[in-house]
Amino acid sequence: MTAATQSPLVLTVVIPTFNERDNISVLIDRVAAALASVAWQAIVVDDNSPDGTAAVVKAKSRLDSRILCLHRIGRRGLAGAVLEGIMASSAPYIAVIDADLQHDAALLPKMLSVIRTHDADLVIGSRYLGVDGLVTGLSPLRKVVSGLANAMARHVLKAKVSDPVSGFFMIRREVVERVAPKLSRQGFKILFDIIASQPRPLAIVEVPYAFGERAFGVSKLDRRVMVEYAGLILTKASGNLIPPRALMFGLVGASGLVVHLGVLGWMLRLGVVFWAAQTTAAVVAMTSNYLINNAVTYRDRRLRGWKLLSGYARFFALCSVGLVANVAVGNLVHGFTGVAWVAGGAGAMFGAIWNYVSTSLAVW
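Residues numbered from 1 in each chain as written. Predicted model: local features only at pLDDT ≥ 70, side-chain atom pairs only at ≥ 80, totals over all residues. Heavy atoms only, no water.

K.L.:
Which residues make up a nonpolar patch on the surface, and what values go with them?
P.N.:
Together, L261, V339 and W341 give the surface a local cluster of nonpolar side chains, amounting to about 290 Å² of exposed area. Classification of V339 by relative accessible area gives partly exposed; the value is 32%. (Patch = residues over 30% accessible without salt bridge, like charges linked within 9 Å, V, L, I, M, F, W, Y side chains within 5 Å. Areas by Shrake-Rupley, 256 points an atom, 1.4 Å probe, with all protein chains shown as cover. Salt bridge = Lys/Arg side-chain N within 4 Å of Asp/Glu carboxyl O. Buried < 20%, exposed > 50% of the residue type's maximum accessible area, 1.4 Å probe, protein only.)

This is how it looks when you write it as structure tokens:
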């Protein structure tokens with residue numbers, strides 16, 4: 001067929017990947033089998049996987065032009081990957097599915113039928129509607145974490161959705177496009193973000209499926225993902241007044257305050273004079289903040305190797321003004337109050353303001 005006589009594209013399946021070499025071919029074959037009667041394409045968005053996932057996808061795309069690989073360099077994160085895949089599509093409907101084979105690709109035709117015939121904006125593959133939804137796919141701990149994440153999301157959304165953090169859903173493309181500038185590129189729970197960012201309630205239908213076991217590879221869920229999700233929940237609860245990254249920076253700063261006061265108290269007990277103890281505590285807390293921010297707040301831009309060291313040098317240089325202000329304010333407050341922990345806290349908080357403004361612009 002010529003391009004002019006081909007069936008119009010109906011559905012784009014967006015598949016975010018990181019180290020899914022052993023799963024991606026199987027998933028694409030399952031998608032192709034399920035959508036045999038549909039004009040579809042798959043956009044695999046790979047975050048430069050060290051295991052060669054992108055190479056596997058590109059090899060398949062040479063045999064099937066419906067398969068595309070968006071190979072991202074220097075960008076990380078599932079939410080950002082999904083959003084880039086959606087924005088690269090021209091299809092009226094978008095499906096999002098994980099590459100780990102835990103989502104049931106055979107459900108895609110039913111989801112497409114539902115979104116068309118029920119005039120729905122969004123169809124969610126729910127792990128909580130079916131009897132066997134979470135029986136085999138999650139460990140007991142992850143079941144608890146998943147249930148808590150869903151409960152938090154439902155409270156913020158005020159929507160009757162059983163699985164608002166599902167990674168398996170189908171949506172009208174224009175629904176995402178109208179809120180795309182508001183969506184966070186961080187974290188894993190983009191469905192929650194899409195629903196929460198809408199100017200009006202969506203018409204949502206949920207369909208049950210059995211959440212399968214991962215065949216190969218390892219789960220991407222870790223403490224940092226859970227912290228990022230908590231930050232997103234708080235951002236949406238605040239009506240988007242506080243960006244997720246700024247909120248995460250603030251939480252890390254709070255941990256730095258604990259470190260600062262702990263080091264300050266320890267050094268004062270050793271008999272160190274206040275100005276020296278305050279300076280040392282500030283440097284230790286700043287180092288702690290840098291390392292945690294690099295690992296969590298700026299996870300998608302994380303610095304490694306020599307870049308980590310040069311980034312620390314830039315961080316230290318930019319924060320030097322804040323450090324001077326920290327010590328000066330601390331000494332001033334200590335002179336007025338004579339209470340070390342109040343003075344230390346005041347200095348640390350004043351320095352944190354400068355740290356956020358400068359490093360968010362220049363370090364990462």
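From this point, the narrative continues.
K.L.:
An account of the pattern of salt bridges is needed here, citing residue identities and associated values.
P.N.:
Here the structure, examined in full by the defined rule, presents ten salt bridges. Between K60 and D29 there is a salt bridge, and its shortest N-O distance comes to 3.2 Å. Note that K60 is positioned in helix α2 (residues 53-61) and D29 in helix α1 (residues 21-34), a separation of 31 residues in sequence. The exposure class assigned to D29 is partly exposed, which follows from its relative accessible area of 44%. Where R72 meets E84, a salt bridge forms, and the shortest distance between an N and an O atom there is 2.8 Å. Here the residue R72 occupies a position in the loop between β3 (67-71) and α3 (78-87), and E84 occupies one in helix α3, the gap between them amounting to twelve residues. A single network of salt bridges, built from pairs that share partners, joins D47, R72, R75 and E84. (Helix = DSSP H or I, 4+ residues; strand = E, 2+ residues; numbered from the N terminus.)

K.L.:
Let's hear about the nonpolar core: which residues, and what values?
P.N.:
Within soluble globular proteins, side chains that are nonpolar tend to cluster in buried spots. L11, V13, I15 and L108 are the most contacted members of the largest nonpolar core, which totals 34 residues. Listing elements by their share of this core, those giving two or more residues are β1 (11-17), α1, β2 (40-46), β4 (93-96) and α4 (108-117). Setting aside residues no more than four positions away along its own chain, L108 makes contact with V13, V31, L35, A95, F168 and M170. One finds I43, V45, I124 and I171 within the second-largest nonpolar core, a separate group that totals 26 residues. (Core = buried A, V, L, I, M, F, W, Y, C linked by side-chain atoms within 4.5 Å. Contact = heavy atoms within 4.5 Å.)

K.L.:
Please set out the pairing of strand β5 (residues 122-126) residue by residue, giving values where relevant.
P.N.:
Of all five residues that make up β5, five are buried, and the element is covered over most of its length. Taking every second residue as pointing to the same face, both faces of β5 are buried, with L122, I124 and S126 on one and V123 and G125 on the other. Relative to strand β6 (residues 169-172), β5 runs antiparallel, the two sharing three bridges. Looking at the pairing, L122 lines up with I171 of β6. Bridging between β5 and strand β7 (residues 204-208) involves five bridges; their strand directions are parallel. (Pairing = 2+ DSSP bridges.)

K.L.:
Give a description of helix α12 (residues 340-362) that names residues and reports values.
P.N.:
With 23 residues, α12 extends 32 Å between its outermost C-alpha atoms, agreeing within 8% with the 33 Å of an ideal straight helix rising 1.5 Å per residue. Burial in α12 covers these residues: A343, G344, G345, G347, A348, G351, N355, S358 and T359. (Expected span 1.5 Å × (residues − 1).)

K.L.:
If you had to explain the pairing of β6 to someone new, which residues and values would you point to?
P.N.:
By the alternation rule, side chains of β6 split into F169 and I171 and M170 and R172, which are all buried. Summarising the sheet, β4 and β6 pair through four bridges and their orientation is antiparallel. By the bridge assignment, I94 is partnered in β6 with I171.

K.L.:
A description of the sheet that holds β2 should follow, citing residues and the corresponding values.
P.N.:
In spatial order, the strands read β3-β2-β1-β4-β6-β5-β7; together these seven strands make up an open sheet with mixed pairing. Each edge of the open sheet is held by one strand with a lone partner, namely β3 and β7. Across this sheet, the average inter-strand angle for adjacent strands is 20 degrees, counted without regard to direction. In terms of strand pairing, β1 meets β2 through seven bridges, oriented parallel. Of the residues in β2, the one forming a bridge with T12 is Q41. (Axes fitted to C-alpha atoms, helices over the stretch in contact; angles between N-to-C directions.)

K.L.:
Kindly report on unusual backbone geometry, identifying the contributing residues and their values.
P.N.:
In the Ramachandran plot, N19 falls in the positive-phi region, its phi being about 55 degrees despite a non-glycine side chain. With a phi close to 70 degrees, L101 is a non-glycine residue in the positive phi region. In this structure, L101 sits in the loop between β4 and α4.

K.L.:
Any chance you could break down α4 for me, citing the residues and the numbers?
P.N.:
For α4, every residue scored as buried is listed here: L108, M111, L112, V114 and I115. All buried residues of α4 project into a common sector of 165 degrees when viewed along the axis, lining one side. The inward-facing, buried residues of α4 contact β1, α1, β4, β5, β6 and β7. Where α4 terminates, the next one or two residues include D119, which has phi positive at roughly 50 degrees. (Arc of directions from axis to C-beta.)

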